[in-house]
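Letter by letter, the chains look like this.
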Amino acid sequence: MHYISTRDSSHQASLSEAIARGIAPDGGLYVPGDFPHFNTRDFDGLNELPDIAERLLAPFAEGDPLASQLGDICREAFNFPVPLVTLDQAPAPASVLELFHGPTCAFKDFGARFLAASLGRIPRADKRKLTILVATSGDTGGAVAAAFHKKPWVDVVVLYPKGLVSERQAQQLACWGDNVRTFAVNGTFDECQRMVKEAFLDASLKESHQLSSANSINVGRLLPQMTYYAKSSLELWRQLGRRPNYIIPTGNLGNAMACVWARHVGLPIGEIVLATNANQTVTDFLRSGEWQPRASIATLASAMDVGNPSNMERLRSLHADFEELQGQLGASSVDDIEIRGTLRRDSHELNRIWCPHTATAAKVYRRMLSRGARGHWVIVSTAHPAKFNDIVESQTGQEVPVPQALATLLSLPRQEQELEASLSALRTQLQTT
Ligand SMILES: *Cc1c(COP(=O)(O)O)cnc(C)c1O
């Protein structure tokens, strides 16, 4: 298996190279040069996530030095549960896929831990430390910091938009120290992401640092996200004999892209519906066919405040024809008023406390039902509600218990610096301190 750039398929890389580089030399994103094909029988006898993951990802690592270590990588990365919970009180058959049982209580732990386990096993000719540069809309930075904290071969630099993440997320981003540096950037997530992209193309930084990315542009984060779609869809397929449909809270389109890839390689997945917040770049595109990135706007589901989702480039490289693409995906947008209403209503009617991101998917589920949708629906739950206690508790009137993993991080001192939203400010920080 080789990986190609979305912009120029003559740029080829092995899995290790694609993971180590993060972004292709031409600024494009790495995608598999061709996709394997599975049928459900290929997973017979496999029930646990690390085992399913190893089988699923084997062809994606074929021919690469990581192939022989894939089992170890999967066991190291996926060492926490991924429950699929039946939503008993739902008006129609539905389950919740809980992706928040990792160390930082959001789905980003899957990708970050797999990436750390992989990068740690890739030999490097350059003996300098690696510098992982990560822009975060709230959860990525914490997950990456947790996954790489105290690993001797790497430094981590986290950029987050100051004031645009929840208090507890900010604490999770800045509680690390040691080999992790956290910058509160005076700007939006899109600006943080632009700084990272520019840093990668900057000749002077290339000279001084061995940069690598941990954003969802890294294929080493996307591949592992396919695995929970594999596990949960197989589980429901075996139980019900039909393909479940998924509703996925969407920002930068990384989580959803992984689901699209999982279906593309033959896993039993029916419809895929994207739930966005009031940032409507994706929903507008799927309606009109016109791609119009714009500045992001702040919403209650802040980890999805993305106006120019990077992974659209991957989606369009998979389905170059717009009508074909349109047939592959549904999308629906949920505003803050609806997020609040859904948090309140579902806490009573479904006995579920959502995080604000998951609430967008829960709202879209009800919308789909009111439009006559059938089948079994999976609401993808991307974070634990305790990370967003302010908004969640004010709407539901219930206190959200704090999971142990989060309580530990909340008790640590906060260590961060402010940074202007420019490449030169970042360059100065990296090169002078
Ligand atoms: C990152 C994140 C999202 C959005 O995921 P994308 O892969 O960027 O689409 C949704 N919910 C939560 C809690 C997140 O942290």
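See the structure above.
All values derive from a computational prediction rather than experimental measurement.

Chemist: Before we move on, can you summarise the overall build of the protein chain with the specific residues and values?
Modeler: Tallying secondary structure elements over the protein chain gives 18 helices and 14 strands in all. Against the compact-globule benchmark of 22 Å for 433 residues, the protein chain has a radius of gyration of 20 Å, which places it among compact chains. Judged by the C-alpha coordinates and their principal axes, the protein chain covers about 60 × 45 × 45 Å. When each of the 433 residues of the protein chain is scored for burial, the buried share is 61%. Considering only residue pairs separated by 6 or more positions, the protein chain has 74% of its internal contacts joining residues 24 or more positions apart. Surface exposure of the protein chain reaches about 16,200 Å², of which carbon and sulfur atoms provide 47%.

Chemist: Give a detailed account of the pattern of salt bridges, specifying residues and quantitative values.
Modeler: For the coordinates displayed, the defined rule picks out 22 salt bridges. Lysine 129 is the partner of aspartate 155 in a salt bridge, and the nearest nitrogen-oxygen pair spans 3.3 Å. Here lysine 129 lies in the loop between helix H4 (108–119) and strand E6 (130–135) and aspartate 155 lies in strand E7 (residues 154–161), a separation of 26 residues in the sequence. With relative accessibility at 40%, the residue lysine 129 sits in the partly exposed group.

Chemist: Give a description of the sheet that holds strand E8 (residues 180–186) that names residues and reports values.
Modeler: The five strands are arranged E9-E6-E7-E8-E14 in an open sheet whose pairing can be described as parallel. A single partner strand is all that each edge strand has here, and the edge strands are strand E9 (210–213) and strand E14 (417–420). Adjacent strand axes in the sheet meet at a mean angle of 30°, parallel and antiparallel pairs treated alike. When E6 meets E9, the two strands line up parallel, connected through four bridges. Looking at the pairing, leucine 130 lines up with glutamine 210 of E9. Along the sheet, helix H5 (residues 140–148) contacts E6, E7 and E8; its crossing angle with E6, the most-contacted strand, is approximately 160°.

Chemist: Describe the site of the ligand, naming the residues involved and giving the relevant values.
Modeler: In the vicinity of the ligand lie 14 residues, with Lys108, Asp139, Gly251, Asn252 and Thr382 positioned nearest. Between an oxygen atom of the ligand and a main-chain N or O atom of asparagine 255, the distance comes to 2.8 Å. Relative to its free-state accessible area of 380 Å², the ligand is covered by the protein chains to the extent of 98%. Split by residue class, the shell around the ligand holds five nonpolar, seven polar and two charged.

Chemist: Can you explain the pairing of E7? Please cite residues and give values.
Modeler: By the criterion of burial, E7 is predominantly enclosed, with seven of the eight residues buried. Regarding the hand of the β-α-β motif, the stretch spanning E6, H5 and E7 is right-handed. As paired strands, E7 and E8 are joined by six bridges and run parallel to one another. Residue pairing for E8: proline 161 is matched across the bridge by valine 185.

Chemist: So, unusual backbone geometry: which residues are in play, and what are the values?
Modeler: Here the phi dihedral of cysteine 105 falls at roughly 65°; this positive angle occurs in a residue that is not glycine. Along the polypeptide, cysteine 105 turns up in the loop between strand E5 (94–98) and H4.

Chemist: Outline the packing of aromatic side chains, listing residues and values.
Modeler: Scanning the model with the defined rule gives twelve aromatic pairs in all. When the centroid spacing of 5.3 Å and the interplanar angle of 80° are considered together, the rings of tyrosine 229 and tyrosine 246 count as edge-to-face. In this pair, tyrosine 229 is assigned in helix H9 (residues 219–240) and tyrosine 246 in strand E10 (residues 245–249), connecting sequence segments 17 residues apart. Each member of the pair tyrosine 229 and tyrosine 246 is classed as buried. Of the aromatic side chains, those joined through ring pairs into one cluster are Phe78, Phe80, Phe110, Phe114, Tyr228, Tyr229 and Tyr246.

What counts, and where the lines are drawn
Residues numbered from 1 in each chain as written. Predicted model: local features only at pLDDT ≥ 70, side-chain atom pairs only at ≥ 80, totals over all residues. Heavy atoms only, no water. Helix = DSSP H or I, 4+ residues; strand = E, 2+ residues; numbered from the N terminus. Rg over C-alpha atoms; globule rule 2.2 N^0.38 Å. Buried < 20%, exposed > 50% of the residue type's maximum accessible area, 1.4 Å probe, protein only. Contact = heavy atoms within 4.5 Å. Areas by Shrake-Rupley, 256 points an atom, 1.4 Å probe, with all protein chains shown as cover. Salt bridge = Lys/Arg side-chain N within 4 Å of Asp/Glu carboxyl O. Pairing = 2+ DSSP bridges. Axes fitted to C-alpha atoms, helices over the stretch in contact; angles between N-to-C directions. Near = heavy atom within 4 Å. Polar contact = N/O pair within 3.5 Å; in protein donor to acceptor, adjacent residues only side chain to side chain. Nonpolar A, V, L, I, M, F, W, Y, C, P; charged D, E, K, R; others polar. Right-handed = clockwise from strand over helix to strand, strands pointing away. Phe/Tyr/Trp six-rings, centres within 6.5 Å; stacked < 30°, edge-to-face > 60°.

No statement about biological role is implied by the geometric values presented.
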